[in-house]
Amino acid sequence: MNTLMRDIRFALRSFVKNPGFALAAVLSLAIGIGANTSIFSVANALLFSPLPYEGSDRLVILWNRSPGLNISEDWFSTAQYYDIKAGHHGFEQIAIAIGGNYNLTGQGDPERVGVIRVSSNLLPMLGAHPSLGRLLTPDEDSPGRPATAVLTDGIWARRFGRDPQMMGKSIIINGQTHEVVGILPQRFSLPREVLPLLDGTEQAEIFLPLPLAPAASQVRTHEDYNIVGKLKPEVSLAQAQAEMDTITARLRRDFPDNYPPNGGLTFSIVPLLEQVVGNVRRSLLVLLGSVGFVLLIACANVANLLLSRAVARRQEIAVRTALGASRWHIVRQLLTESVLLSLCGGALGMFICLLSVKWIHILGTKSIPRLQDVGLDERVLLFTLLLSLFSGILFGLSPALRISRLDLNSTLKGTSRGAAGTSAIWGRGNNVRRLLVVSELALSVVLLIGAGLLIRSFARLQDVPPGFDPRDVLTFDLTMTGRKYNDKQTTLNTYRQLWERMEHLPGANAAGGVTSLPLSQAFAWTPITVEGRTPLPGEKFLNADERLVGGIILKRWEFRCGVVDFSPIRTTRRSQSWSSLTNAWPTNCGQGRIPSAGGFTLSNFSQRTRGRRWLAWSDASSKTLWSLTRESLFTFLTRNSPREQ
């Protein structure tokens, strides 16, 4: 220990004598180590840390897929939930959920909050324990029970000031009174990245019971539900998927009208951690490789600095050797200096990492899952320490071995200036130095090419026209629920009145509404049949993604045959709406299977649209079918992945 401390003190004195060298080396290493630590902190939270749920390695989420229909990810019906619950024996538990943004009224101002209706076993399956009160009970899974609610700690603190008397009090959600029966602990959360609800709730704040009527086991429409399960300890993912494939094969056989053979219905079992990080895993691994290159460049740079500095220290090393220092002592001293430089670089790199993590928290809210878990913990600190030690040895070993091979006699006689001493450091033909320089240049070129490609791709993405003009457009979410809006005509009239009033606001030119905004990744499959089209053998209808649109939201949309101005189209002028559209749009610019202008019928599963004739056309960028009903309510049908049945 005394020897080590002596070497450290000597190294510090040498850095003080050469502050320029020490500063350059530390800054180079700080950038490399800081970049690696920053990316590792993200990877640690996403890839290497389990989800904060009990038995998270056995938790899975299910997805309804139909490869033959190009449906890669869909939700479930209640009948499918009962099929799985009764037919699959590999699950310890299985739960169902549905939710959205609901209106919370009563105490305080009205507020839109994330609400999830769940079967009573979902929260216990995730390992949740109430900090106050109780969770939902199995008897609340049946209809006719009093309405109850479990609050998260976040809304309890924000809305109710952590009032311990909330137990037993009532809150009003979508016009219905619910009794608060429990408060969840602060550490528990269920964000959208874990449970991606169809209606797009970002963060669950209130949990309500999901009572299912006996007839729910027969309902195969309305595939709107999430299903989460927990595998038995002895059941592997492959075994569970094999049993699930047996269930879906039986469903295809027993319900060919719902699940046609060409669709290839399957229920996929996805580990919950994979669900959370699956989309960013590859990008994160690429980033880890890239910052690894940055660290290698920094190490090569510092190694070159050490080799250059060794020329000036060759007489010092020769004197120490003449006084009895062994080659091992010389190597140990030089490695101590390089490791100390690396540790200083690592300490400064931690500061860079702290700034980077704050920046990630600010800018990564929509792109990085588990963002709240990204930070510095003992695993990140250990990684930084080991990386600093490894880097110090990596860039310090070669210079240390080189300088320890000095010719003692020639160096002390002063003859090494032009030959022996320098040759002993650089090696014959300066091979080591050349290798380091070539390595730095090669890695730099690789990084520059990668960065250039990413920048060019980003620039091109910025220039891709979305198919509509987003300038000067404001949006907000609105849901009309409760007894007052049970009547469809009342809801439609309310929307129309809202649009008309908004159009008269100062500075407003137009107003309208849509069930889901463009590029929102929400969808609603609707069966259609195309007039004049001969169905393929075994095909009953096509499925397309539908949006209902009202007002003049389609104004100046970019279409395949040009830009059409829909200014005259308004929901209150039915005859003009229909004639203006048909007169403005030519009938001969169709592409693909479905004509861009012509008739088709929404059919089968939707009572509200069955047998209704619509006019259809397609836009330029998003490959979308748009249509206008005689009731002057727009709809569009996305053709990115049409379902054929």
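Q: Sorry if this is basic, but what is going on with the nonpolar core here?
A: Side chains of nonpolar character tend, in soluble globular proteins, to be buried together. Core analysis: the largest hydrophobic core is formed by 47 residues, its most contacted members being Leu46, Tyr53, Ile116, Leu122, Phe188, Leu190 and Phe207. Elements represented by at least two residues in this core include exactly helix H2 (19-48), strand E1 (59-66), strand E3 (91-105), strand E4 (111-118), helix H4 (122-125), helix H7 (272-277), helix H8 (281-312) and helix H10 (327-363). Considering every element that reaches this core, the biggest residue donor is H2, with six residues. Grouped together as the second largest cluster of nonpolar side chains are 24 residues, Leu62, Phe91, Ile98 and Tyr225 included.

Q: Would you mind showing me how to read helix H3 (residues 78-87) here?
A: Think of an α-helix as turning once every 3.6 residues; residues three or four places apart then point the same way. With seven of its ten residues buried, H3 lies for the most part within the structure. All of the buried residues in H3 are Thr78, Ala79, Gln80, Tyr81, Asp83, Ile84 and Gly87. Check the buried side of H3 and you find it contacts E1, E3, strand E10 (226-231), helix H6 (237-254) and strand E11 (266-271).

Q: What is the right way to look at the packing of H3 against H6 in this model?
A: The geometry of a pair of packed helices is captured by two quantities: the angle between their axes and the separation between those axes. Interhelical geometry of H3 versus H6 gives an angle of 130 degrees and a closest axis separation of 11 Å. Classified by the angle between their axes, H3 and H6 sit oblique to one another. Considering how the two elements wind past one another, H3 and H6 form a crossing that is right-handed. Of the residues in H6, those in contact with Asp83, Ile84 and Gly87 of H3 are Glu243, Met244, Ile247, Arg250 and Leu251.

Q: What is the right way to look at the environment of Leu126 in this model?
A: Within the fold, Leu126 resides in the loop between H4 and strand E5 (132-133). On the basis of relative accessible area, Leu126 is assigned to the buried category, the value being 3%. Note: C-alpha distance between Leu126 and Lys230 (104 residues apart in sequence) is 8.9 Å. Discounting residues that sit within four places of it in the chain, Leu126 has contacts with Tyr53, Glu54, Leu59, Phe188 and Leu190.

Q: So what exactly am I meant to see when it comes to a positive patch on the surface here?
A: A cluster of like positive charges, contributed by Arg6, Arg9, Arg13 and Lys17, occupies part of the molecular surface. Mapped onto the elements of the fold, Arg13 is located in helix H1 (residues 2-17).

Q: Hey, could you run me through the environment of Thr3 in this one?
A: Mapped onto the fold, Thr3 is located in helix H1. A residue is classified by how much of its surface remains accessible, and Thr3, at 27% relative accessible area, is partly exposed. C-alpha separation for the pair Thr3 and Gln333, spaced 330 residues apart in sequence, amounts to 9.7 Å.

Q: Looking at this model, I keep getting lost on the pattern of salt bridges. Mind explaining?
A: Two side chains of opposite charge can pair, provided their charged atoms sit close to one another. With the rule as written, the count across this model stands at eleven salt bridges. The partner of Arg58 in a salt bridge is Glu92, and the shortest N-O contact between them spans 3.3 Å. With Arg58 in the loop between H2 and E1 and Glu92 in strand E3, the pair connects residues that are 34 residues apart, well separated along the chain. The exposure class of Glu92 is partly exposed, given its relative accessible area of 39%. For Asp254, the salt bridge identified is with Arg253, shortest N-O distance 3.1 Å. The class for Asp254 is partly exposed, based on a relative accessible area of 40%.

Q: What exactly am I supposed to notice about the confidence of the model for the protein here?
A: Predicted coordinates in regions of low pLDDT should not be interpreted in detail. The pLDDT averaged across the protein works out to 77; a share of 73% of its residues lies at or above 70. Ignoring residues within four places in sequence, the model shows residues 556-645, a span with pLDDT below 50, making 260 contacts including any to other chains.

Q: Any chance you could explain the side chain of Asp153 here in plain terms?
A: Here Asp153 is to be found in helix H5 (residues 153-160). Only 2.6 Å separates the side chain of Asp153 from the side chain of Arg162, close enough to count as a polar contact.

Q: I would appreciate a short explanation of a nonpolar patch on the surface in the present structure.
A: Together, Leu23, Leu27, Leu348, Phe351, Leu354, Leu355 and Leu376 make up an exposed nonpolar region whose accessible area comes to about 610 Å². Within the residue set of the nonpolar patch, elements represented by two or more residues are H2 and H10. Tallying contributions element by element places H10 first for the nonpolar patch, with four residues. Its location among the elements puts Leu27 in helix H2. Residue classification places Leu27 among the partly exposed residues on the basis of a relative accessible area of 41%.

Q: So what exactly am I meant to see when it comes to the packing of aromatic side chains here?
A: The geometry of an aromatic ring pair is captured by the separation of the ring centres together with the interplanar angle, meaning the angle of the planes. On inspection of all chains with the given rule, the structure shows nine aromatic pairs. Where Trp63 meets Trp75, the ring centres are 5.4 Å apart and the plane angle is 80 degrees; that geometry is what we call edge-to-face. Separated by twelve residues along the polypeptide, Trp63 in strand E1 and Trp75 in the loop between strand E2 (71-74) and H3 bring together distant segments of the chain. The exposure class assigned to Trp75 is buried, which follows from its relative accessible area of 7%. Each ring, one from Tyr495 and one from Trp499, has its centre 5.9 Å from the other, and the planes form 25 degrees; the classification is stacked. Taken together, the residues Tyr495 and Trp499, both in helix H15 (residues 488-503) and four residues apart, mark about one turn of the helix. Of the residues examined, Tyr495 reaches a relative accessible area of 23% and is grouped as partly exposed. Taking relative accessible area as the criterion, Trp499 reaches 9% and is therefore assigned buried. Cation over ring: Arg220 sits above Phe255, and NZ or CZ is 3.9 Å from the ring centre.

Q: How should I be thinking about unusual backbone geometry in this particular structure?
A: Leaving glycine out, the prevailing phi sign among residues is negative, and the prevailing peptide bond configuration is trans. Unusually for a residue other than glycine, Arg162 sits at a positive phi of about 55 degrees. Residue position: Arg162 is located in the loop between H5 and strand E7 (170-173). The phi torsion at Asn174 lies on the positive side, around 50 degrees, for a residue other than glycine. Counting through the fold element by element, Asn174 comes out in the loop between E7 and strand E8 (176-183). Judged by its relative accessible area of 18%, Asn174 is buried.

Procedures and definitions
Per-chain numbering applies: the sequence of each chain, read as written, is numbered from 1 onward. Residues qualify for local features only when their pLDDT is at least 70, as the model is predicted, and side-chain atom pairs are given and counted only at 80 or more; totals for whole chains, interfaces and linings, by contrast, use all residues. To get the side-chain values, all heavy atoms of the structure are used, and hydrogens and water are removed first. Here, nonpolar core refers to any group of buried Ala, Val, Leu, Ile, Met, Phe, Trp, Tyr and Cys residues whose side-chain atoms link them within 4.5 Å. Three exposure classes are used, based on accessible area relative to the maximum for each residue type with a 1.4 Å probe and protein chains only: buried under 20%, partly exposed in between, and exposed over 50%. Runs of E in the DSSP output that reach at least two residues are strands. Runs of H or I that reach at least four are helices, and both are numbered from the N terminus. Throughout, a residue-residue contact means that at least one pair of heavy atoms, one from each residue, lies within 4.5 Å. Throughout, an axis means a line fitted to C-alpha atoms (over the contacting stretch in the case of helices), and angles, computed between N-to-C directions, take values from 0 to 180 degrees. Oblique is the label for any angle not covered by the other classes, which are roughly parallel (under 35 degrees), roughly antiparallel (over 145) and roughly perpendicular (65 to 115). Two helices that cross are described as forming a left-handed crossing if the nearer one is turned anticlockwise from the farther one by less than a right angle, and a right-handed crossing if clockwise. Each patch is built from salt-bridge-free residues with over 30% relative accessible area, joining like charges within 9 Å and nonpolar side chains (Val, Leu, Ile, Met, Phe, Trp, Tyr) within 5 Å. In short, Shrake-Rupley with a 1.4 Å probe defines the accessible areas, and a residue's cover is counted only from the protein chains shown. Just to be clear on terms, a salt bridge is a Lys or Arg side-chain nitrogen sitting within 4 Å of an Asp or Glu carboxyl oxygen. Counted charges follow a simple rule, with Lys and Arg positive, Asp and Glu negative, and His plus the chain ends left uncounted. Every charge is mapped onto a representative atom, which is NZ of Lys, CZ of Arg, CG of Asp or CD of Glu. The predictor attaches a confidence to each residue, called pLDDT, with possible values from 0 through 100. Polar contacts, as counted here, are pairs of nitrogen or oxygen atoms within 3.5 Å of one another; within protein the pair requires one atom able to donate a hydrogen and one able to accept it, and residues that are adjacent in sequence qualify only if both atoms are side-chain atoms. Pairing of aromatic side chains requires ring centres within 6.5 Å, counting the rings of Phe and Tyr and the six-membered ring of Trp. Pairs whose planes differ by under 30 degrees are stacked, by over 60 edge-to-face, and all others tilted. Distance and angle both matter: a charge sits over a ring if NZ of Lys or CZ of Arg is within 6 Å of the ring centre and within 35 degrees of the ring normal.

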